[in-house]
Amino acid sequence: MKILRPFFLTLFTLFLFNFANAQTPGGKISGTVLDETKKPLDGATVILLTAKDSSVVATQLAKADGSFAFQNLKDNTYLIKATYISFKNYVGSPINLSEAKTINLPAFSLAPIGKTLNEVSVTAKKSFIQQKIDRTVVNVGALISNTGTNALDVLSKSPGVQVDADGNITFKGKGGVLVMIDDKPTYLSASNLATYLRSLPSSALDQIELMDNPPAKYDAAGNAGVINIKTKKNTTRGFNAVISSDVSQGVYFRTNQSINFNYRIDKVNLFANVSYNRQRTHRKLEIDRDYFDDNGTKTSSLADISYFRPTSNNTDIKTGLDYYLSPKTTWGVVFTGTLSNDHDSSPVYSMLYNQAGGLDSTINTLNTSKNHFNSKGVNVNYTHKFDSTGRTLTFDLDYIHDAAGSNQIFVNNTFLPDGTLTNSQTITDNLPSTINIYSAKADYSHPLKGKAKFEAGIKSSYVNTDNAANYFNVIDNITTIDYNNTNRFLYKENINAGYINFNKTIGRFSIQTGLRMENTNGKGNQLGNAQRPDSSFVKHYTNLFPTAYLSYNLDTAGHNVLVASYGRRIGRPSYGSLNPFTFFVDKFTYFSGNPFLKPQFTDNYKLAYSFRSLITIAVTYNYTADVQNETIHKDGQVFISTTGNIGQQKTLDFSVNSNFQPAKWWSVNLYAEVYKNTYQGAFYTGYLNQSKYTFSANGNNQFTISKTWSAELSGFFNSSGTYGQFVSIPTGMLNTAVQKKILNNKGSIKLNVRDVLKTFSPSGTITNIEGAAAKYHNTLDTRVATLAFTYSFGKSTNNPQKRNIGGADSEQGRAH
């Protein structure tokens, strides 16, 4: 980190030098570029030319609202040219700047190639990846192979994102990423988040925003940054709808159906997104464990083979209303709901071997479970634009109620090598959990003279969780309470936050700085039982989180851009991980919470270079103190998994992202990174000092065969890597897909096959276990063929753009 400080100091000095020598402001030309439906064309290339010889004066990328502005211009006659992939180029009429020092052009639209503006059907296609100063945007619909999948599958194909067999998400080699839906947190534990993302069909998704260093407007939560999943929402006039249905076959059959529709009339816009999926998956998990005495001599070994075949039914609903009170004021309300139920009978076969390698005994476990997860929420939002300059006030009120539960029966039978039953044990449990979340936030944006903007906001949230673990022993059909494991955990938390943010462009320099303050107040209470007393804890802490971005155009056209950034983030423990209850997987594997977990803090440094949005090269360094990670320790022959603070983590990452077209019919996106994770700190077995380089890459090829036929070939590869105690082995996946457009391009039929070669098999070893060593291997149901049909209909006209809503940004990602 000390090596990087002189570099950032040098960049800051260059900025001050440029500021001191800034030119006297000249003329200004601004405007807005739209698509054929009058929506902002985010990322369009806008070029300022001299009318005399068409020489390039400057180049910009249109902002999220489609706006652009060229400043400090000399008196001359200019042309505006705009381009975007799959759209016709636009060249405007000559602009004589000698007649006016400031010219605000009327908004203009780009037409898709092969279409005119008055047609309803749209054939334009966004690129898979878009780069912005503070985030990477993944356009979900750009990949045919995303059809028929779910949100978790889509994430696994996003640059820098890795998803393991349990659905845990890492981003650029780090865990603890904050996952949001439409700028709202999910408030879910890792397991419940994975369940929810598997239930969310890809047909409901629009974009995924990847932010390894989010600006101050976002909650500071999320050690690895923020992943914001944006769902589809339409605001076009009349009735418009998109229906999607698909069937898939892997080891078992599965199906997805969804409909996304809106009805806009006068000042009212009604919208809804409803989806249902039924799926049955398959997973085989093998864990081999060796046990040693104090002298390092092997004393016994255990081989576990577990089978998981859950069947789930999932329904997701998002519906709401926007009321355009006036051209400047909009009120909105959004209702969300999720209903998920699954059941499974998971057999576990455990073989215990003695020191000589002979079979000592066999333990057969049957875990029968029924689980449910229900979530409902309401959001009230308000937007007011004071004037045409962009001065805006917004606020959001959110309430979310989650209820989850699990009922399980464990039957453990122990046999001698000759098949004689020596012991039988039956355990039942009931694990209810509820959470209530209240959140309120307000944001204000104020554009300033000289291409600058000031932003500020406040937020307050309150969370109340109630988790119970009720365990029972069943002997001779008589049920008694297991007081050693039965408990109830209550947790309340209040977070108050405020932020300011400022950005300004001066010549070739652009700067964005922000500061966020968050005050956290938490109280946990573990209720006692007939054999155990109550216990409780209280936590209060206040922290500052600065962010800074500095970009410099290396040439006047803006083709070569250098960006440096810094940010500080916090990773608070999830609500469930603070709960000291025990969850049984089998006789030799438990999960347990940790009420003594501390928050982790991360400093992020990044330097990036991009050329014409065709290639981006970045170097990132992250330092995390009190890093939280899954840990494994041993109690007898039982492995207990819990979340612990294991010291510090250092991550050095080098990444390259490239978009190019080898031919008109062939588009390619490639992403590759090499990162080194280093973990150091006190551990169960002494001092942990583990590091490893990891290579990760993913890419996709899109082929335009004809006007109605297209195809895709995509995949990813991850080499061996270290994540705390866990060391993974290489794995990867190859996907292929083909699409045929039908019904005047309003419908499509898509066929895709995931993991064609069946190579995705997350496996590895578990290190630093006192008196033991372990390795694991997963066989997953990932080779799946999907046939999907999509049809859209309706009318497209110009409508006000709707902002992202939601104020519960980080709390939902930590629930249960």
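Residues numbered from 1 in each chain as written. Predicted model: local features only at pLDDT ≥ 70, side-chain atom pairs only at ≥ 80, totals over all residues. Heavy atoms only, no water.

**Q** Please set out the overall build of the protein residue by residue, giving values where relevant.
**A** A tally of helices and strands in the protein yields 3 helices and 51 strands. For the protein, buried positions account for 52% of its 816 residues. The long-range fraction of contacts in the protein, counting pairs at least 24 apart against all pairs at least 6 apart in sequence, stands at 67%. On the protein, roughly 35,100 Å² of surface is accessible, and the fraction owed to carbon and sulfur atoms is 58%. (Helix = DSSP H or I, 4+ residues; strand = E, 2+ residues; numbered from the N terminus. Buried < 20%, exposed > 50% of the residue type's maximum accessible area, 1.4 Å probe, protein only. Contact = heavy atoms within 4.5 Å. Areas by Shrake-Rupley, 256 points an atom, 1.4 Å probe, with all protein chains shown as cover.)

**Q** With reference to specific residues and values, describe the pattern of salt bridges.
**A** A side chain with one charge can pair with a side chain of the opposite charge if their charged atoms come near. A complete count under the given rule lists 15 salt bridges for this structure. Across the salt bridge formed by D182 and K318, the nearest N and O atoms sit 2.5 Å from each other. With D182 in the loop between β14 (178-181) and β15 (184-185) and K318 in strand β23 (residues 311-326), this pair connects stretches of sequence that are 136 residues apart. As far as burial versus exposure is concerned, D182 and K318 are alike and both buried. A salt bridge links K459 to D219, with the nearest nitrogen and oxygen atoms 2.7 Å apart. (Salt bridge = Lys/Arg side-chain N within 4 Å of Asp/Glu carboxyl O.)

**Q** So, the confidence of the model for the protein: which residues are in play, and what are the values?
**A** Model confidence for the protein is summarised by a mean pLDDT of 85, while 90% of its residues fall at 70 or above. Across residues 1-24, confidence stays below pLDDT 50; counting only partners more than four residues off in sequence or on other chains, it has 21 contacts. With pLDDT under 50 throughout, residues 114-124 is counted as low confidence; its partners more than four residues away or in other chains account for 22 contacts. (pLDDT = per-residue confidence, 0-100.)

**Q** Can you break down the sheet that holds strand β11 (residues 136-139) residue by residue, with the values?
**A** Whether parallel or antiparallel, the strands of a sheet pair through hydrogen bonds between backbone atoms. Taken in spatial order, the 6 strands make up an open sheet running β10-β11-β16-β17-β14-β15, and their pairing is mixed. The two strands at the open ends of the sheet, each matched to only one other strand, are β10 (129-131) and β15. Relative to strand β17 (residues 226-231), β14 is paired through 4 bridges, and the arrangement is parallel. When the bridges of β17 are listed, V179 appears paired with I227. (Pairing = 2+ DSSP bridges.)

**Q** Outline the packing of aromatic side chains, listing residues and values.
**A** Overall, the coordinates contain 27 aromatic pairs when judged by the stated rule. Here the aromatic rings of Y605 and Y621 are separated by 6.4 Å at their centres, their planes lie at 40 degrees, and the arrangement is tilted. Here Y621 lies in strand β38 (residues 615-625) and Y605 lies in strand β37 (residues 600-611), a separation of 16 residues in the sequence. Considered together, Y605 and Y621 belong to a single accessibility category, that of buried residues. Taken together, the ring pairs connect F68, F70, Y90 and F108 into an aromatic cluster. Just above the ring of Y252 sits the side chain of R280; from NZ or CZ to the centre is 4.1 Å. Residue placement shows R289 over the ring face of F639; its charged tip is 4.5 Å from the ring centre. (Phe/Tyr/Trp six-rings, centres within 6.5 Å; stacked < 30°, edge-to-face > 60°. Lys NZ or Arg CZ within 6 Å of the ring centre and 35° of its normal.)

**Q** Could you give me a rundown of the nonpolar core, with the residues and numbers involved?
**A** Membership of the largest hydrophobic core comes to 30 residues, with the highest contact counts inside it found for L155, V161, I169, L197, I208, I227 and I229. Listing elements by their share of this core, those giving two or more residues are α2 (151-156), β12 (161-163), β13 (169-171), β14, α3 (190-199), β16 (205-211) and β17. In contact with I229, not counting residues within four places along its chain, are L155, V179, M180, I181, D182, L197, L205, Q207 and I208. Grouped together as the second largest cluster of nonpolar side chains are 22 residues, A44, I80, L97 and F108 included. (Core = buried A, V, L, I, M, F, W, Y, C linked by side-chain atoms within 4.5 Å.)

**Q** With reference to specific residues and values, describe the sheet that holds strand β35 (residues 582-586).
**A** If you walk across this open sheet you meet the 4 strands as β35-β36-β40-β39, and the pairing is mixed. Looking at which strands have only one partner, the edges of the open sheet turn out to be β35 and β39 (628-635). Neighbour-to-neighbour, the strand axes of the sheet open up by a mean angle of 25 degrees, direction not taken into account. The pairing of β39 with strand β40 (residues 638-645) spans 8 bridges and is antiparallel. Opposite D635, over in β40, you have V638 as the bridge partner. (Axes fitted to C-alpha atoms, helices over the stretch in contact; angles between N-to-C directions.)

**Q** Break down unusual backbone geometry for me, citing the residues and quoting the values.
**A** The bulk of non-glycine residues show a negative phi, and the bulk of peptide bonds are trans. For N477, which is not a glycine, the phi torsion comes out positive at approximately 65 degrees. Take N477: it is sitting in the loop between β29 (452-475) and β30 (478-481). Not every positive phi belongs to a glycine, and L743 is a case in point at roughly 55 degrees. Along the chain, L743 turns up in the loop between β47 (731-742) and β48 (747-754). Here L743 falls in the partly exposed class, since its relative accessible area comes to 48%.

**Q** Account for a nonpolar patch on the surface, with residues named and values stated.
**A** A surface patch of nonpolar side chains, about 750 Å² in accessible area, is lined by F239, Y263, I265, L270, L321, Y323, L325, W331 and F793. Secondary structure elements with two or more residues in the nonpolar patch: β19 (253-265) and β23. One can find F793 in strand β51 (residues 784-793). (Patch = residues over 30% accessible without salt bridge, like charges linked within 9 Å, V, L, I, M, F, W, Y side chains within 5 Å.)

**Q** Break down the side chain of N485 for me, with residues and values.
**A** Inspection of the secondary structure assignment puts N485 in the loop between β30 and β31 (487-506). According to the relative accessible area criterion, N485 is buried, its value standing at 17%. Within the structure, N485 has its side chain in polar contact with the side chain of D482 (distance 2.8 Å). When sequence neighbours within four positions are dropped, the list of residues in contact with N485 reads A469, Y471, T582 and F584. (Polar contact = N/O pair within 3.5 Å; in protein donor to acceptor, adjacent residues only side chain to side chain.)

**Q** Explain the pairing of β35 to me, using residue names and the numbers behind them.
**A** Among the 5 residues in β35, 4 count as buried, and that is most of the element. Here β35 runs beside strand β36 (residues 589-592); their pairing, made up of 4 bridges, is antiparallel. If you follow F583 over to β36, its bridge partner there is F591. Counting the residues in the hairpin turn of β35 and β36 gives 2 residues.

**Q** Quick rundown of the pairing of strand β28 (residues 433-448)? Include the residues and the values.
**A** The sheet contact formed by strand β26 (residues 392-415) and β28 spans 13 bridges and is antiparallel. For T392, the partnering residue across the bridge sits in β28 and is S445. Pairing of β28 with β29 involves 16 bridges; the strand directions are antiparallel. What sits directly across from D443, in β29, is G457. Where β28 folds back onto β29 in an antiparallel hairpin, the turn is made up of 3 residues, including G450, whose phi is positive at roughly 75 degrees.

**Q** Account for the environment of G357, naming residues and giving values.
**A** Tracing the backbone shows G357 in the loop between β24 (329-353) and β25 (359-385). For G357, a relative accessible area of 48% corresponds to the partly exposed category.

**Q** Kindly report on the environment of M180, identifying the contributing residues and their values.
**A** Relative to the helices and strands, M180 is located in strand β14. Taking the C-alpha atoms as reference, M180 lies 7.3 Å from V226; in sequence the two are 46 residues apart.

**Q** Can you lay out the environment of P730 for me, pointing to particular residues and giving the numbers?
**A** Turning to its location among the elements, P730 is positioned in the loop between β46 (726-728) and β47. A C-alpha to C-alpha distance of 4.1 Å links P730 and S719, two positions 11 residues apart in sequence.

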